[in-house]
Amino acid sequence: MKAITSEASELVTGYRLQNIYNLVSNKRSFLLKFAKPDSKVNIVVESGLKVYVSEFQRPTLPQPSGFVVKLRKHLKTKRLTRIYQLGDDRICVMEFNDGLYYLVFEFFSAGNIVLLDSDKIILSLFRLVDEHENNSKYAVGETYSTNIENFSSNEYSHEFTKEEVTQWVKEEIESVQKEKEKPNSSQKSIKVLSIHKLLFLRNSYLSSDLIQVYLTQNKLEGGKSCVSLLEDSSLLETAVTVLNEIEKFLHDLFYSGRKEISGYLISRKNPLYRKVEKKETEETSAENEEEKEEHDELEYVYDSFFTFNPIHKLGKDDVKVEIVQGYNKTLDKFFTVIESSKSTLKKQQQQINAEKRLQTVGNEQSEKISKLTKLQELNYRKGQLIMTY
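Let us look at the structure shown here. Just so we're clear, the structure is a prediction, and the values are computed from it rather than from any experiment. (Residues numbered from 1 in each chain as written. Predicted model: local features only at pLDDT ≥ 70, side-chain atom pairs only at ≥ 80, totals over all residues. Heavy atoms only, no water.)

Another point: the packing of helix α5 (residues 208-217) against helix α7 (residues 233-255). In helix packing, the relevant descriptors are the interaxial angle and the interaxial distance, both defined with respect to the helix axes. Orientation of α5 relative to α7, taken along the N-to-C sense of each, is 120 degrees, at an axis distance of 10 Å. In terms of orientation, α5 lies oblique with respect to α7. Our pair here, α5 against α7, has a crossing hand that is right-handed. Listed contacts from α7 to Leu210, Ile211, Tyr214 and Leu215 of α5 are Val242, Glu245, Ile246, Phe249 and Leu250. Residue composition of the contact of α5 with α7, by class: eight nonpolar, no polar and one charged. (Axes fitted to C-alpha atoms, helices over the stretch in contact; angles between N-to-C directions. Helix = DSSP H or I, 4+ residues; strand = E, 2+ residues; numbered from the N terminus. Parallel < 35°, antiparallel > 145°, perpendicular 65-115°, else oblique. Left-handed = near helix turned anticlockwise from the far one by under 90°. Contact = heavy atoms within 4.5 Å. Nonpolar A, V, L, I, M, F, W, Y, C, P; charged D, E, K, R; others polar.)

A few words now on the sheet that holds strand β6 (residues 91-96). Here we have five strands laid out as an open sheet, ordered β5-β6-β7-β8-β9, and antiparallel in their pairing. Each end of this open sheet is capped by a strand with a single partner; those strands are β5 (80-85) and β9 (122-125). When strand polarity is set aside, the average angle formed by the axes of neighbouring strands in this sheet is 15 degrees. Of the strand pairs in this sheet, β6 and strand β7 (residues 101-106) are connected by six bridges, and their pairing is antiparallel. Paired with Phe96 across the two strands is Tyr101, which belongs to β7. Strands β5 and β6 of the sheet are contacted by helix α1 (residues 2-12), whose axis makes an angle of about 165 degrees with β5. (Pairing = 2+ DSSP bridges.)

Below is the structure:
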């Protein structure tokens with residue numbers, strides 16, 4: 001989220017919101033078109049799932065939804081003065097006209113999009129939320145409970161220590177002991193966390209994959225029990241080194257002044273892929289080319305994306321990595337290709353299913369022929385015996 005917003009801030013700040021549209025793909029997706037003289041920028045949003053700057057054209061619905069109509073009423077032609085992530089939360093905030101309006105995108109739970117005025121009063125929202133133990137009520141006229149001014153803009157970087165990690169392990173051991181002492185508790189199912197899980201759960205703002213990458217680079221087995229950190233001081237020191245290296249990486253990534261953050265796209269071999277070999281006759285060349293184009297273009301399909309080199313996922317023949325300059329461009333390419341590939345994958349799946357059905361019918365027919373052949377041979381022998389005796 002921080003990578004997306006830091007890049008988007010450089011690309012969109014100062015632009016005016018030209019219009020908002022519903023996308024054809026689904027009811028949760030929207031297109032925000034920003035413009036200023038001689039320049040246009042589009043932002044794609046899917047409530048609760050994704051937000052990124054897009055360079056690709058996307059089909060929009062001719063008739064806007066009621067929610068989009070309300071957004072247009074308040075935000076159309078307004079200038080975007082700031083876009084940022086709210087602390088380390090999965091919340092993205094767009095500020096218009098120096099705080100006259102705020103458009104808040106929540107990317108947790110079921111997600112939401114909330115329009116606020118300058119006093120943080122809800123003017124419109126994508127999804128109503130009833131009041132629960134941990135949730136405030138979300139409705140028009142209510143005050144938005146989260147402090148959207150509480151955003152992190154400093155370059156603070158936490159330095160981890162051996163004492164801190166040791167305390168985590170001790171607390172984990174105590175927690176497991178308490179669970180085991182409870183009546184009717186299953187002793188076998190209660191285990192202490194692995195090193196990887198302990199580091200991730202204690203620092204949930206860090207990516208699990210990023211922790212795994214640095215554990216691999218430092219040759220520390222993440223699947224080991226975290227108790228081993230107390231038993232071996234060298235393992236403890238390595239774990240602390242891993243955390244501090246990750247903090248330094250993130251600090252350099254977001255606060256080094258770079259305008260673009262490289263993204264890594266992971267592709268996996270398409271299980272539906274079937275290479276079509278060339279046929280020698282000229283008569284079937286056109287048909288062969290069409291068939292080849294349909295299947296060969298999706299030998300690999302996108303699987304995931306990262307802001308770092310995911311070395312823990314590489315080293316396999318069915319995995320490829322592609323580096324893209326700009327993290328928003330990475331997401332844009334990933335989701336656009338995924339969306340455009342759906343029809344081809346559907347055709348491939350239909351052809352595979354048709355081939356399976358044909359194979360099943362063929363097998364059934366072969367089995368029937370085999371039974372009839374055996375019956376014929378049996379009847380022939382019976383006839384021979386009758387003629388003989």
